[in-house]
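So you can see what is in the structure, the chains are spelled out below.
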Amino acid sequence: MNATVIGSQLGDEGKGGVVDLFSEDADVVVRYQGGDNAGHTVVHDGEEYKLRLIPSGVIRGKTGVLGNGCVLNLETLFDEIETLRTRGLNPDVRVSSRAHVVFPYHRVLDRAEETSKTDEDQAVGTTGNGIGPAYEDKAGRRGIRVGELLDETVLRDRLEYTVPKKRRLAEDVFDVDTGIEFDVDHLFETFRAFGDQLQSEGMVVDAGSVLTEMARDGANVLFEGAQGTHIDVDHGNYPFVTSSNPTAGGAITGTGVDPSAVADGQIIGVVKAYLSRVGSGPMPTELSEESASRVREEVGGFGTVTGRPRRIGWLDVPMLRHAARVNGFTGIVLNHVDALGGFEELKVCEAYELDGERVTDVPSTTAAWARCTPEYRTVETWSDRDWSEIRDDGYDALPDAARTYVDYVSTELGVPVYAVGIGPGRDETIVRRHPFDSSED
């Protein structure tokens, strides 16, 4: 059996914890897109693990696969592996030979372009980790893939073709002083060594073939998206998006599995009980900074990778409808319900007013979305309490108003609630249905 975990909003929904939770009955966890611009936090036995590349399921000892849809900063990857080893874990990580590599010049160009956009008030708010430029090279057929690091002749040829072009771009367009990040010999030696390390540890695989063989042998596969639906490069609020497809289609193209491996499995949308975002772009339900700062301090609203303060808003149901339609959710996990305990006022955006008309889905253009005015529904609040007691007693122990809130979201999307998150830890989630057995508590 297979399942896919997807963020339904703008990222930061708690996908890492959900993957960690549901990977208990998985054999392999597959990351299918993105790079080390993602940040997943997993809490286990009181210890916090922050992951940027490695699939969250490795904390449970599951095999982790980075698919061809990912772009890989190999320095980050090996640093994460070594950090986990020093903490007593032995991560089993495989890397698709077709995955593209993030090079130092990608990071230089990413930051240079973002600076240029900032000067022209067009900044996206990227992490500066070179993700966009790496995907640009992939689309432009000048990228370098993991498998090419294993062949010295091919690696040298690819670098000699690509790097001079990148150097001219940096110097002539962005007026950047270029250094070793654009030196072919330095890059060749550095990434040949990475290739040797990947090969010596037996990490490089043909992901599609390996996953297909595992599934035929009866393995449960859990696919993990890195960012949220609304920053998908095709289905998000372009251009304030990531450079890949965290939606369900990305799980197919980003791994090389049969489409039915995703489409016939469970597709779980992770929903944060309120809304947050790191970076630029429209956010119709955004709170004033005064209100947002109070919420931010309560919920720890800062980016995992960047540490930047997250923008905060009320739950936006049109966004969730869009995500459910694009991905075909079979169920949702509603996280951070505990964070709303004690609010004096609680609102939900049910629809938008756009140019005099009522709309219930997200407009296809960012300019139109920016013109949307939320139509709010005020909902009953609930007090803060000892959530550990509620966790032990189950779903029916939730405050009546909190349960009504959860049921409202489920009804609006027409899918069941698989779990409700009432804290950051693995054991602080009330599981109602497990994706690998579809039984209810």
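Keep in mind the model is a prediction, meaning the values are calculated, not measured.

Scoring rules and cut-offs
- Residues numbered from 1 in each chain as written.
- Predicted model: local features only at pLDDT ≥ 70, side-chain atom pairs only at ≥ 80, totals over all residues.
- Heavy atoms only, no water.
- Helix = DSSP H or I, 4+ residues; strand = E, 2+ residues; numbered from the N terminus.
- Rg over C-alpha atoms; globule rule 2.2 N^0.38 Å.
- Buried < 20%, exposed > 50% of the residue type's maximum accessible area, 1.4 Å probe, protein only.
- Contact = heavy atoms within 4.5 Å.
- Lys, Arg positive; Asp, Glu negative; His and termini not counted.
- Charge placed at Lys NZ, Arg CZ, Asp CG, Glu CD.
- Phe/Tyr/Trp six-rings, centres within 6.5 Å; stacked < 30°, edge-to-face > 60°.
- Axes fitted to C-alpha atoms, helices over the stretch in contact; angles between N-to-C directions.
- Parallel < 35°, antiparallel > 145°, perpendicular 65-115°, else oblique.
- Left-handed = near helix turned anticlockwise from the far one by under 90°.
- Nonpolar A, V, L, I, M, F, W, Y, C, P; charged D, E, K, R; others polar.
- Polar contact = N/O pair within 3.5 Å; in protein donor to acceptor, adjacent residues only side chain to side chain.
- Pairing = 2+ DSSP bridges.
- UniProt positions renumbered as here; feature names shortened; annotations may be inferred.

S.K.: How should the overall build of the protein be read in this particular structure?
M.R.: The helix and strand tally for the protein stands at 14 helices and 20 strands. For 441 residues, the compact-globule estimate of 2.2 N^0.38 gives 22 Å, and the C-alpha radius of gyration of the protein, at 22 Å, lies within 12% of that figure. Dimensions along the principal axes, computed over C-alpha positions, put the protein at roughly 65 × 55 × 40 Å. Expressed as a percentage of the 441 residues in the protein, the buried residues total 55%. Long-range pairs, those at least 24 residues apart, make up 75% of the contacts in the protein with a sequence separation of at least 6. When the 44 basic and 76 acidic side-chain charges of the protein are each reduced to a single mean position, those positions are 3 Å apart.

S.K.: How should I be thinking about the packing of aromatic side chains in this particular structure?
M.R.: Any two aromatic rings considered together are summarised by their centre-to-centre distance and by the angle between their planes. The final tally for this structure, using the stated rule, is seven aromatic pairs. Look at Phe103 and Tyr105: their rings are 5.4 Å apart centre to centre, the planes differ by 5 degrees, and that puts the pair in the stacked class. Under the relative-accessibility criterion, Phe103 is labelled buried at 0%. Of the residues examined, Tyr105 reaches a relative accessible area of 1% and is grouped as buried. The interplanar angle of 35 degrees and the centroid separation of 6.2 Å between the aromatic rings of Tyr105 and Phe182 together place this pair among those described as tilted. Of this pair, Tyr105 sits in helix α3 (residues 104–119) while Phe182 sits in the loop between α5 (152–173) and α6 (184–200), placing them 77 residues apart in sequence. Like Phe182, Tyr105 is buried.

S.K.: What exactly am I supposed to notice about the packing of helix α11 (residues 317–327) against helix α14 (residues 400–413) here?
M.R.: Two quantities define a packed helix pair, namely the angle between the helix axes and the distance between the axes. At a closest axis distance of 10 Å, the pairing of α11 and α14 adopts a crossing angle of 50 degrees. By the angle between their directions, the pair α11 and α14 is classed as oblique. Considering how the two elements wind past one another, α11 and α14 form a crossing that is right-handed. Across from Val317, Leu320, Arg321 and Ala324 in α11, the residues of α14 making contact are Tyr408, Val409, Glu412 and Leu413. Each residue belonging to the contact of α11 with α14 can be placed in one class, and the counts come to six nonpolar, no polar and two charged.

S.K.: Honestly, the packing of α5 against α6 in this entry has me stumped. Any pointers?
M.R.: At a minimum axis separation of 10 Å, α5 and α6 run at an interaxial angle of 145 degrees. Between α5 and α6 the crossing geometry is right-handed. Here Glu152, Leu155, Arg156, Leu159, Glu160 and Val163 of α5 lie close against α6, whose contacting residues are Val184, Asp185, Leu187, Phe188, Phe191 and Arg192. Class assignment for the residues of the contact of α5 with α6 results in seven nonpolar, no polar and five charged.

S.K.: Could you clarify how one ought to interpret α11 in this entry?
M.R.: In an α-helix, one turn spans 3.6 residues; hence positions three or four apart end up facing the same way. Burial analysis of α11 places nine of its 11 residues in the buried class, the great majority of the element. Looking only at α11, the buried set comprises Val317, Pro318, Met319, Leu320, Arg321, His322, Ala323, Ala324 and Asn327. Capping the start of α11, Asp316 holds a side-chain oxygen 3.2 Å from the backbone nitrogen of Met319, two or three residues further along. Of the residues trailing α11, Gly328 is marked for its positive phi of about 70 degrees.

S.K.: Please explain the side chain of Asn73 as it appears in this structure.
M.R.: Note on placement: Asn73 falls in the loop between β6 (71–72) and α2 (74–86). The class for Asn73 is buried, based on a relative accessible area of 7%. Reaching out from Asn73, the side chain makes a polar contact with the side chain of Asp36 at a distance of 3.2 Å. Residues in contact with Asn73, not counting those within four places in the same chain, are Asp36, Leu53, Val102 and Arg107.

S.K.: Sorry if this is basic, but what is going on with the sheet that holds strand β7 (residues 93–96) here?
M.R.: In a beta sheet, neighbouring strands are held together by backbone hydrogen bonds and run either parallel or antiparallel to one another. The mixed open sheet is built from 10 strands, whose spatial order is β9-β7-β5-β2-β10-β1-β11-β15-β19-β20. Two strands lie at the open edges of the sheet, namely β9 (204–205) and β20 (429–431), each paired on one side alone. Pairing of strand β11 (residues 266–272) with strand β15 (residues 331–335), which is carried by five bridges, proceeds in the parallel orientation. Pairing of Gly269 across the sheet is with Ile332, part of β15.

S.K.: What is the right way to look at the UniProt feature "binding site: substrate" (unreviewed entry) in the protein in this model?
M.R.: Listed under "binding site: substrate" (unreviewed entry) in the UniProt record, and renumbered for this structure, are Thr304, Val305, Thr306, Gly307, Arg308, Pro309 and Arg310. Counting through the fold element by element, Arg310 comes out in the loop between α10 (289–299) and β13 (311–313). Judged by relative accessible area, which is 9%, Arg310 ranks as buried. Of the polar contacts made by the side chain of Arg310, one reaches the side chain of Asp12; its length is 2.8 Å.

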